[in-house]
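Fold and contact review
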Amino acid sequence: MQEKTVYCLHCGKELIVSIRAVSTGCPVCNHRLSVEDFTVTSILSRSLIETCGSVTITPSGMLRACLRVNNLFVEGDHQGNVTAAGKVTITADASFAGDIIAHRLEVRDGALVKGFCRIDPQLELIPTPSPAPAGANAKRQPAK
């Protein structure tokens, strides 16, 4: 049986699951986890996509959703905040609007990116991304 390693998005526990698995339960925090990979090839709009797998947006794909994923690979268009336990890759022809929290970020020359980024290799727990528009997480300080 072929297996893959995934990490719980709630507690960070490493889990080994079958590559055919669609979901599993975390033995530590008891959350139900989706472990499948998603590929977006057309227009898709959702409030939240949450998976311990990866999300790929092809050059013809347009995704409007907040994401809580392991890895994200963007070749098309994405709008929404992203929290990634692994790596976010934005290719040269991609368009990305939203805030990013991730362990690693790769933005290739020519990509259009609008939003705030927090790259933290030591990030242990992954917060749920807020549905606020890109750049809305910046707080204004009152005048003194």
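Residues numbered from 1 in each chain as written. Predicted model: local features only at pLDDT ≥ 70, side-chain atom pairs only at ≥ 80, totals over all residues. Heavy atoms only, no water.

Tallying secondary structure elements over the chain gives zero helices and 15 strands in all. Going through the 144 residues of the chain one by one, you find that 35% of them count as buried. Across the chain, the fraction of contacts at a sequence separation of at least 24, relative to all contacts at a separation of at least 6, is 16%. Total accessible area on the chain stands at roughly 8400 Å², and carbon and sulfur atoms take up 50% of it. (Helix = DSSP H or I, 4+ residues; strand = E, 2+ residues; numbered from the N terminus. Buried < 20%, exposed > 50% of the residue type's maximum accessible area, 1.4 Å probe, protein only. Contact = heavy atoms within 4.5 Å. Areas by Shrake-Rupley, 256 points an atom, 1.4 Å probe, with all protein chains shown as cover.)

Glancing now at the state of the cysteines. Formally, a disulfide is one covalent bond, and it connects the sulfur atom of one cysteine to the sulfur atom of another. The tally for this structure, following the rule as stated, stands at zero disulfides. Here cysteine 8 stays free of any disulfide, with the sulfur of cysteine 29 as its closest cysteine sulfur at 3.5 Å. The class of cysteine 8 is buried, set by a relative accessible area of 3%. (Disulfide = S-S within 2.5 Å.)

If you look at the biggest cluster of nonpolar residues, it comprises 18 residues, and the most contacted ones within it are Leu63, Leu67, Leu72 and Val88. Contributions of two or more residues to this core are made by strand S7 (54-57), strand S8 (62-69), strand S9 (71-74), strand S11 (82-90) and strand S13 (100-107). Beyond its immediate stretch of four places on either side in the chain, leucine 72 contacts Val55, Ile57, Leu67, Val82, Lys87, Val88, Thr89 and Phe96. By size, the runner-up hydrophobic cluster in this structure holds ten residues, among which are Val6, Cys8, Ala21 and Val35. (Core = buried A, V, L, I, M, F, W, Y, C linked by side-chain atoms within 4.5 Å.)

Let us look at unusual backbone geometry. Glycine aside, negative phi is the norm for most residues, and most peptide bonds take the trans geometry. The phi torsion at asparagine 30 lies on the positive side, around 65°, for a residue other than glycine. For asparagine 30, the location among the structural elements is in the loop between strand S3 (23-25) and strand S4 (32-34).

This next bit is on the side chain of arginine 68. Looking at the secondary structure, you find arginine 68 in strand S8. Here arginine 68 falls in the buried class, since its relative accessible area comes to 5%. A polar atom in the side chain of arginine 68 sits 3.0 Å from the backbone oxygen of leucine 9. (Polar contact = N/O pair within 3.5 Å; in protein donor to acceptor, adjacent residues only side chain to side chain.)

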